[in-house]
Amino acid sequence: MGLWRKILVGFLVLCVLGVGGEEEAAAAASASCSFPALYNFGDSNSDTGGISAAFEPIPAPYGEAFFHKPSGRDCDGRLIVDFIAERIGLPYLSAYLNSLGTNYRNGANFATGGSTIRRPNETIYEYGISPFSLDMQVVQFNQFKARSRVLYEQAAKTPSERSKLPNPEEFSKALYTFDIGQNDLSVGFRKLSSEQQLAALPDIVNQLAKAVQNIYQQGGRAFWIHNTGPIGCLPVNFFYNHNPPPGYLDQYGCVKTQNEMAVEFNKQLKDRVIKLRAELPEAAITYVDVYAAKIGMIGNAKTQGFSDPLKVCCGYHVNYDHVWCGTKALVNGSAVFGASCESPSTSISWDGVHYSQAANQWVANHILNGSLTDPPIPITQACQRH
């Protein structure tokens, strides 16, 4: 099994205008933020090429639904962070770890597939957990900020060089997004008892808060923080568990205990975000209920135009034979390629661990308008304190 595949296995505006007149429209327009840049921190749910640049490239058919080639994303196309960039009018983010063809004028992406909030105590070659935990991503951001300022000043007479660098004055006006925590839970399911994992949650949440505090000290003011999704609904949970015992599944057909742990993590994260607002008085911090969006999509898959949410689009998964998306293997003596299904646009799960572009777009449409955020504001107004 290749390293990239181990990474995969291991992870493992809301209608503010109403029906009012021109005055209301003008007020809403003036309230919109103009973010000059976007900086993202996270795991494979928002990695736009980091882990693919640092280790093994993610192969086809990843990326083919939109980019028509592998794009460093664990998806057939765009991720939620790509739809965020579209919504606030910015280009797709270049990965900080990608050395070729990058442009950081409007931000950078520090997320890597397999990243955790807490530092891992295992190597990426075991279960695919990234060495670039959240604290290291913040260290990279701090270095990026300091180094880019020097380069920007050195390039004062070279517009072509400056055009690929962030303006130092714009870091305080940028939007900072976080989508991380799923892999901390997956590691816990593998290594800890339920009691041990519950005891670890406060430290995990506090370390995420510490990252926000660090970026605030560096001048960041607008934060958009995703909670974690229903990890128990990832089809990979059932690859080797075809007959779960009574009480193992919840009403959605997902692993009940895993989703309960995700809900508890999210509860503690939301409480910590509320405290952060008091600790960081100049910050605008939005808590985003991605869990609610994803579980709503899964629970209403058919009516929303999706197929079985527990069915995997890409890869060969028959009985206990598994050929992962984009890889080849022998099954009963025959070579099998983990290809895409015929209609990824109706699939929720792309590869058993990651969501399809269609699912990501559905979730983005339901969170970026502010209907599932605290405070309930669209991302275009996420610079405003409430």
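Procedures and definitions
Residues numbered from 1 in each chain as written. Predicted model: local features only at pLDDT ≥ 70, side-chain atom pairs only at ≥ 80, totals over all residues. Heavy atoms only, no water. Buried < 20%, exposed > 50% of the residue type's maximum accessible area, 1.4 Å probe, protein only. Helix = DSSP H or I, 4+ residues; strand = E, 2+ residues; numbered from the N terminus. Pairing = 2+ DSSP bridges. Salt bridge = Lys/Arg side-chain N within 4 Å of Asp/Glu carboxyl O. Expected span 1.5 Å × (residues − 1). Arc of directions from axis to C-beta. Contact = heavy atoms within 4.5 Å. Core = buried A, V, L, I, M, F, W, Y, C linked by side-chain atoms within 4.5 Å. Axes fitted to C-alpha atoms, helices over the stretch in contact; angles between N-to-C directions. Parallel < 35°, antiparallel > 145°, perpendicular 65-115°, else oblique. Left-handed = near helix turned anticlockwise from the far one by under 90°. Nonpolar A, V, L, I, M, F, W, Y, C, P; charged D, E, K, R; others polar. Disulfide = S-S within 2.5 Å.

S.K.: Help me understand the pairing of strand S3 (residues 175-179) in this model?
M.R.: Where a strand is regular, its side chains alternate between the two sheet faces. Taken across its five residues, S3 has five buried, putting it largely inside the fold. Covered by surrounding structure in S3 are Leu-175, Thr-177 and Asp-179 together with Tyr-176 and Phe-178, the residues of both alternating faces. As defined by bridge partners, strand S1 (residues 38-42) adjoins S3 across five bridges and the pair is classed as parallel. Considered in S3, the bridge of Leu-38 is made with Leu-175.

S.K.: Honestly, the pattern of salt bridges in this entry has me stumped. Any pointers?
M.R.: In a structure, side chains of opposite charge can pair up when their charged atoms sit close to one another. One pass over the structure, following the stated rule, counts twelve salt bridges. A salt bridge links Arg-73 to Asp-82; its shortest N-O distance comes to 2.8 Å. No difference in accessibility class separates Arg-73 from Asp-82, as the two residues are buried. For the salt bridge of Lys-267 with Asp-271, the shortest nitrogen-to-oxygen distance reads 3.6 Å. One end of the pair, Lys-267, and the other, Asp-271, are both in helix H10 (residues 256-279), four residues apart, so they sit about a helical turn from each other. Here Asp-271 falls in the partly exposed class, since its relative accessible area comes to 36%. Three or more residues are tied together by salt bridges with common partners; here these are Glu-122, Arg-190 and Lys-191.

S.K.: Mind showing me how you'd approach helix H6 (residues 134-154) here?
M.R.: Working note: α-helix, 3.6 residues per turn, so residues spaced by three or four point in the same direction. In a regular helix each residue adds 1.5 Å, so 21 residues correspond to 30 Å; H6 covers 30 Å between its end C-alpha atoms and thus fits that length. For H6, the set of buried residues is Leu-134, Gln-137, Val-138, Gln-140, Phe-141, Phe-144, Lys-145, Ser-148 and Tyr-152. Taken down its axis, H6 places every buried residue within 150° of arc, on the same side. Packed against the buried residues of H6 are S1, strand S2 (107-109), helix H7 (159-162), S3 and helix H9 (194-217).

S.K.: Can you walk me through the nonpolar core in this structure?
M.R.: One recurring pattern in soluble globular proteins: nonpolar side chains tend to sit buried together. One finds Tyr-39, Tyr-176, Phe-178 and Phe-223 to be the most contacted residues of the largest nonpolar core, which totals 84 residues. The leading source of residues in this core is H9, at ten residues. By size, the runner-up hydrophobic cluster in this structure holds six residues, among which are Tyr-62, Cys-314, Cys-325 and Trp-350.

S.K.: I would appreciate a short explanation of the packing of helix H4 (residues 80-87) against helix H12 (residues 357-367) in the present structure.
M.R.: When two helices pack together, you describe them by how their axes are tilted relative to each other and by the distance separating the axes. It is at 8 Å that the axes of H4 and H12 come closest, and there the two elements cross at 50°. The angle between H4 and H12 places the two elements in the oblique class. Crossing of H4 over H12 shows right-handed handedness. Of the residues in H12, those touching H4 at Ile-80, Phe-83 and Arg-87 are Gln-357, Asn-360, Gln-361, Val-363, Ala-364, Asn-365 and Ile-367. Of the residues assigned to the contact of H4 with H12, the class counts are five nonpolar, four polar and one charged.

S.K.: For this particular structure, what's the right way to read unusual backbone geometry?
M.R.: Peptide bonds are, in most cases, trans, and in most cases residues other than glycine have a negative phi. Across the junction of Ala-60 and Pro-61, the peptide omega takes the value 10°, indicating a cis bond. As for its placement among the helices and strands, Pro-61 is situated in the loop between helix H3 (50-54) and H4. We note that His-68 has phi near 65°; this positive angle belongs to a residue other than glycine. Unlike most non-glycine residues, Asn-319 shows phi in positive territory, near 55°.

S.K.: I'm lost on the pairing of strand S8 (residues 328-331) in this one. Help?
M.R.: Here four bridges tie S8 to strand S9 (residues 334-337), and the two strands are oriented antiparallel to one another. Paired with Ala-329 across the two strands is Val-336, which belongs to S9. Remark: two residues form the turn of the hairpin made by S8 and S9, two consecutive strands paired antiparallel; Asn-332 in that turn has positive phi of roughly 55°.

S.K.: What's the story with the environment of Tyr-291 in this structure? I'm lost.
M.R.: Looking at the element boundaries, Tyr-291 is found in helix H11 (residues 290-299). Considered as a pair, Tyr-291 and Ala-262 are 29 residues apart in the sequence and their alpha carbons are 8.4 Å apart. Residues in contact with Tyr-291, not counting those within four places in the same chain, are Asn-227, Thr-228, Gly-229, Pro-230, Asn-259, Ala-262, Val-263 and Asn-266.

S.K.: What's the story with the sheet that holds strand S5 (residues 284-288) in this structure? I'm lost.
M.R.: What links the strands of a sheet is backbone hydrogen bonding, and the strands pair in either a parallel or an antiparallel sense. The six strands lie next to each other as S2-S1-S3-S4-S5-S10, forming an open sheet whose pairing is mixed. The two strands at the open ends of the sheet, each matched to only one other strand, are S2 and strand S10 (373-374). Inspection of the sheet shows S3 paired to strand S4 (residues 222-226) by four bridges, in the parallel sense. Residue Thr-177 lies in a different strand from S4, and its bridge partner there is Trp-224. Packed on one face of the sheet, H10 meets S4, S5 and S10 and runs near 170° to S5.

S.K.: Sorry, what's going on with the state of the cysteines here?
M.R.: Disulfide: a covalent bond formed between the sulfur atoms of two cysteine residues. All told, the structure shown has four disulfides when counted by the stated rule. Put simply, Cys-314 and Cys-325 are joined by a disulfide, and their sulfur atoms are 2.0 Å apart. With the S-S bond torsion at 80°, the cross-link from Cys-314 to Cys-325 turns out right-handed. Placement of Cys-314 in the loop between H11 and strand S6 (315-318) and of Cys-325 in the loop between strand S7 (321-324) and S8 is noted, with a sequence separation of eleven residues between them. When sorted by exposure, Cys-314 lands in the same class as Cys-325, which is buried. Listing the disulfide partners of the protein chain by sequence rank of the bonded cysteines yields 1-8, 2-3, 4-7, 5-6.

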